[in-house]
Amino acid sequence: MADSTQTVAGPPQAAKKPHSVTHHGLSVSDDYAWLRDPGYPQVTDKEVLAHLEAENRWFEARMADRKDAIDTLFKEMRARIKEADKSVPQKDGDWLYWIEFEEGAEYKKWWRRPVAGGEDQLILDEVALAEGKEYFSLGAISVSKGGTLLAYSFDDNGSERFTARIKNLETGELLPDEIPGTLSSLVWVGDDRGLVYSLANEQWRTDNARLHWLGDPLDKDVELYHESDDGFRVGSSLSSNESWLIIGTSDHETSEARLVRTDDPLGEQILVKARSKGVEYDVDEREGVLYIHANDTHENFRLATAPLDNPGEWTTLIEGSDDFYLTGVDLFRDFYVIEGRRAGLDQIEVRHYDDPARVEPIHFPEASYSAGLSNNPEWHMDTLRLSYESMVSPATVYDYDVAARTLETLKVQEIPSGYDASLYATERLEITARDGTAVPVSVVYRRDRTGAGPLHLYGYGAYGLAIEPGFSTSRLSLVDRGFAFAIAHIRGGDDLGRAWYKAGKLEQRTNTFNDFVDVARGLVERGYTAPGKISISGGSAGGELMGAVVNSDPELFGAVVAHVPFVDVLNTMLDESLPLTPGEWPEWGNPIEDRAAFELILSYSPYDQVKRQAYPPIMVTAGLNDPRVTYWEPAKWVARLREFKTDGNELILKTNMGAGHGGKSGRFESLKETAEEFAFILWQLGVEV
């Protein structure tokens, strides 16, 4: 194939326009600040758009010779997906509900049929809703309690501003009610006459809970709650028995909840307990007793109860524990279920209201796995729907008979092109970081793999989000070509509990980056791979991780993919007008008010720490409409890398001009982007496709 790069003279060189910011007497230069369109969120600046389009042309030129590889990878990934597929139906009231993909379809269809028997009913057709659109994402979907109305919301440009509509399921007609600009669940109240939602304000923050009565104009909607703290966001849900509307507000470390009767949503609201900095809690109700999941007495959370008429008087039901991280509680009529992790491994336990000592753990067949409650919509349930997978076991749906304590397999993910789990092995390792901390690592590889071959290392490490050791069909395209695939369960996630999360945030943020590098080095020392044979990837805060480690240890990595990377950390945290910022200060620190936070963030911010050195090959993605990591962060980072890097390695940036934080929508369109990523990795590591 001819060298298609001849049509593009070279990589774009962004203009340098001197600019600096000064805080606490410290000045930081930012010559590429102009890449932020002053009219954002509208991006119309011709010079900015021209630069992004030039970067896209360079990306296309450099990847043109990989087209056959991308097609091959995409075809094999697609062949592992059962195209005509549907979920296991689940009963909710008088109906059985399920979702279904048709052959070749990018999007789902939502179905139901009467439990008593009757015809299948198509209640929502995402395929039709997405027709002719470059991007489509379904937000919330909620069937009314009586089963006659469907509320749903959609985003068709990636901006994460969703328009809510209501459909009459008896006639198939859309009601005239239309609520633009939502960013929330949709909760039915008032005997299905009212809908509770939250609007995104100009900064994409949900600072409100609003009530819409069907048929009324939007200007008559009632604000049930307004949050005055810019860092907090508001969301609404139902109690498990659907008697209470729960209005919650929180940032990354503090929360507060109010209850109001669903049959009287304009009635008196009950504040469970006023917010206290650093205390997070959520609440549910049964027979006049509140069940509160809170971290007030132990960072790994306890379960407490309180009488409804004295909601702030909490009595411990399950103590907090260093060994057990209590991640959630689900109430049912006759029992309740707690979920958590012990030594980083998912646990599910059935508990009983009348006997606190009666604990019934649900046991699973493998030593390392990911498991949790799935779709369990009814208050009175005899069986629980569970999800399960591991790095070698495809996704499995179980029903758990609570009385018999037995698991029934309902569905195992089917891989049409074939899959033999016996060909693969998975391990759970511990690698010691530089400060002596043991970091868990999950690894999967083919049993016939030999020697220190290529290895792909994935990490995230922020917001207390654990990366589960789950199954991936697309991952097989690397593993079947001799790669080991490893997940580094680094600090900043809550894989090992809340302390693990805290040890990777604020002033301890650099532990996250050090853990990732030390895991890579540990995998080399154990013979899984060698320096330069490691590919790495991460997105959003995981993209920040990518930027930090290529600054600190570039020689370790042979290929880097950073998706919508949060790399301009200091400038973003200094700009409280951005949607990301005020709510993020508990995670990263507030450099506006705190000089120490300013200096710390500056010391690791990937954009600010780009230096004159050789960098590994890097592929970067961005979304023009991304409200979480704004498009200019990756654009500025790539521009500065081009200015400073001393190597001839690939550096390419692809900006999705019609998408947001999640990249392209649709199950196959998004798969094409994975194929592009893997083609880049294989190219840079010299592995044949």
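Right above here is the structure, for reference.
What you are looking at is a predicted structure, and each value in this text was computed from that prediction instead of being measured.

Asks: I'm lost on the overall build of the protein in this one. Help?
Replies: For the protein, the count of helices and strands is twelve helices and 39 strands. Of all 689 residues assigned to the protein, the portion counted as buried reaches 58%. Sequence-distant contacts in the protein: of pairs separated by 6 or more residues, those separated by 24 or more amount to 55%. With an accessible surface of roughly 27500 Å², the protein has 47% of that area assigned to carbon and sulfur atoms. The averaged location of the 115 negative side-chain charges in the protein is 4 Å from the averaged location of its 70 positive side-chain charges.

Asks: Can you help me understand the sheet that holds strand β14 (residues 208-213) in this one?
Replies: What links the strands of a sheet is backbone hydrogen bonding, and the strands pair in either a parallel or an antiparallel sense. Strand order in the open sheet formed by four strands is β12-β13-β14-β15, with antiparallel pairing between adjacent strands. Every other strand in the sheet has two partners, leaving β12 (187-189) and β15 (222-226) as the edge strands with one partner each. On average, each strand axis in the sheet is tilted by 25° relative to the strand beside it, whichever way the strands run. In this sheet, β15 lies alongside β14 in antiparallel orientation, the contact comprising four bridges.

Asks: Which parts of the structure should I look at to understand helix α7 (residues 541-552)?
Replies: An α-helix turns once per 3.6 residues; consequently, residues spaced three or four apart project the same way. Between its terminal C-alpha atoms α7 stretches 17 Å, which fits the 16 Å expected from twelve residues at 1.5 Å a residue. The buried fraction of α7 is high, at eleven of twelve residues. Among the residues of α7, those classed as buried are A541, G542, G543, E544, L545, M546, G547, A548, V549, V550 and N551.

Asks: So what exactly am I meant to see when it comes to unusual backbone geometry here?
Replies: Excluding glycine, residues mostly carry a negative phi; peptide bonds, for their part, are mostly trans. A cis amide bond, omega 20°, links Y40 with the succeeding residue P41. If you trace the backbone, P41 turns up in the loop between β2 (26-29) and α1 (46-63). Residue H24 is not a glycine yet carries a positive backbone phi of 55°. Topologically, H24 is positioned in the loop between β1 (20-23) and β2. The residue E242 is not glycine, and still its phi comes out positive at about 65°.

Asks: Is there a simple way to think about the pattern of salt bridges in this case?
Replies: Oppositely charged side chains are able to pair whenever their charged atoms sit close together. One pass over the structure, following the stated rule, counts 51 salt bridges. For E55, the salt bridge identified is with R642, shortest N-O distance 2.6 Å. Pair noted here: E55 is in helix α1 and R642 is in helix α11 (residues 632-644), with a separation of 587 residues, a long-range link. Comparing E55 with R642, the two get one shared label, buried. When salt bridges that share partners are traced, they join E227, E256, R258 and R275 into one network.

Asks: Any chance you could explain the environment of V88 here in plain terms?
Replies: With respect to the helices and strands, V88 occurs in the loop between β3 (85-86) and β4 (90-92). Among the residues examined, V88 registers a relative accessible area of 22% and is labelled partly exposed. Separated by 201 residues in the primary sequence, V88 and V289 place their C-alpha atoms 33 Å from one another. When neighbours within four sequence positions are excluded, V88 is seen to be in contact with Y97, R385, V397, L410 and K411.

Asks: Help me understand α1, please; the structure alone is not making it clear to me.
Replies: With 18 residues, α1 extends 25 Å from end C-alpha to end C-alpha; this agrees with the ideal 26 Å at 1.5 Å per step. The set of residues buried in α1 consists of V48, L49, H51, L52, A54, E55, N56, W58, F59, A61, R62 and M63. The elements touched by buried residues of α1 are α2 (67-79), β38 (618-623), α11, β39 (651-656) and α12 (667-684). Where α1 starts, the residue carrying a side-chain oxygen 3.0 Å from the main-chain nitrogen of E47 turns out to be D45.

Asks: What is the right way to read the nonpolar core from this model?
Replies: Most often, soluble globular proteins have nonpolar side chains that are buried together. One finds L457, F516 and W637 to be the most contacted residues of the largest nonpolar core, which totals 88 residues. Residue contacts for F516: discarding those within four places in its chain leaves L457, Y458, G459, A488, I490, I536, L545, M546, V549 and F557.

Asks: Even after reading the chapter, I still don't get the pairing of strand β10 (residues 162-168), so can you show me in this structure?
Replies: Walk down a regular strand and you will see the side chains alternate between the two sheet faces. The buried count for β10 comes to seven of seven residues, which makes it a mostly enclosed element. Of the two faces of β10, the one carrying F162, A164, I166 and N168 and the one carrying T163, R165 and K167 are both buried. Direction of pairing for strand β9 (residues 149-155) relative to β10: antiparallel, over a ladder of six bridges. Note on β10: the bridge partner recorded for A151 is I166. What sits between β9 and β10 in their antiparallel hairpin is a turn of six residues, with G158 showing a positive phi close to 85°. Relative to strand β11 (residues 174-182), β10 runs antiparallel, the two sharing four bridges. The residue bridging R165 from the neighbouring strand is E178, located in β11. The antiparallel pairing of β10 with β11 creates a hairpin that spans five residues between the two strands, and G172 there sits at a positive phi of about 80°.

Asks: Can you help me understand the packing of aromatic side chains in this one?
Replies: Per the stated rule, a full pass over the model turns up 27 aromatic pairs. With centroids separated by 4.9 Å and ring planes inclined at 85°, the aromatic side chains of Y40 and W632 adopt a geometry described as edge-to-face. In this pair, Y40 is assigned in the loop between β2 and α1 and W632 in helix α11, connecting sequence segments 592 residues apart. For the pair formed by Y40 and W632, the shared burial category is buried. Connected via pairs of aromatic rings, a cluster forms that spans Y40, W204, Y631 and W632. The positively charged end of R78 is found above the aromatic ring belonging to F668, 3.8 Å away from the centroid. Across the ring face of W244, the terminal group of R261 is positioned such that the distance to the ring centre comes to 4.9 Å.

Asks: For this particular structure, what's the right way to read the sheet that holds strand β21 (residues 289-294)?
Replies: Across the sheet, four strands lie side by side as β20-β21-β22-β23; this open sheet has antiparallel pairing. Strands with a single pairing partner mark the edges of an open sheet, and in this sheet they are β20 (281-286) and β23 (315-318). When the angles between neighbouring strand axes are averaged without regard to direction, this sheet yields 30°.

Asks: For this particular structure, what's the right way to read a negative patch on the surface?
Replies: On the surface, a cluster of negative charge is made up of D229, D230, E576, E593 and D594. When you line up the elements, D594 lands in the loop between α9 (585-588) and α10 (595-604).

Asks: Please explain the pairing of strand β32 (residues 424-432) as it appears in this structure.
Replies: By the bridge criterion, nine bridges tie β32 to strand β33 (residues 438-446) in an arrangement that is antiparallel. Residue pairing across strands places E430 opposite P440, the latter belonging to β33. What sits between β32 and β33 in their antiparallel hairpin is a turn of five residues, with G436 showing a positive phi close to 95°.

Asks: Just checking my understanding: could you explain the packing of α2 against α12 for this structure?
Replies: Working note: a packed helix pair is described by the angle between its axes plus the distance between those axes. One way to put it is that α2 packs onto α12 with a least axis distance of 8 Å and a crossing angle of 130°. Classified by the interaxial angle, the pair formed by α2 and α12 is oblique. Between α2 and α12 lies a crossing of right-handed hand. Packed against α2, whose contacting residues are A69, I70, L73, F74, M77 and R78, the element α12 presents F668, L671, K672, T674, A675, E676, F678, A679 and L682 at the interface. Taken together, the residues of the contact of α2 with α12 sort by class into eleven nonpolar, one polar and three charged.

Reading the values: rules and limits
Residues numbered from 1 in each chain as written. Predicted model: local features only at pLDDT ≥ 70, side-chain atom pairs only at ≥ 80, totals over all residues. Heavy atoms only, no water. Helix = DSSP H or I, 4+ residues; strand = E, 2+ residues; numbered from the N terminus. Buried < 20%, exposed > 50% of the residue type's maximum accessible area, 1.4 Å probe, protein only. Contact = heavy atoms within 4.5 Å. Areas by Shrake-Rupley, 256 points an atom, 1.4 Å probe, with all protein chains shown as cover. Lys, Arg positive; Asp, Glu negative; His and termini not counted. Charge placed at Lys NZ, Arg CZ, Asp CG, Glu CD. Pairing = 2+ DSSP bridges. Axes fitted to C-alpha atoms, helices over the stretch in contact; angles between N-to-C directions. Expected span 1.5 Å × (residues − 1). Salt bridge = Lys/Arg side-chain N within 4 Å of Asp/Glu carboxyl O. Polar contact = N/O pair within 3.5 Å; in protein donor to acceptor, adjacent residues only side chain to side chain. Core = buried A, V, L, I, M, F, W, Y, C linked by side-chain atoms within 4.5 Å. Phe/Tyr/Trp six-rings, centres within 6.5 Å; stacked < 30°, edge-to-face > 60°. Lys NZ or Arg CZ within 6 Å of the ring centre and 35° of its normal. Patch = residues over 30% accessible without salt bridge, like charges linked within 9 Å, V, L, I, M, F, W, Y side chains within 5 Å. Parallel < 35°, antiparallel > 145°, perpendicular 65-115°, else oblique. Left-handed = near helix turned anticlockwise from the far one by under 90°. Nonpolar A, V, L, I, M, F, W, Y, C, P; charged D, E, K, R; others polar.

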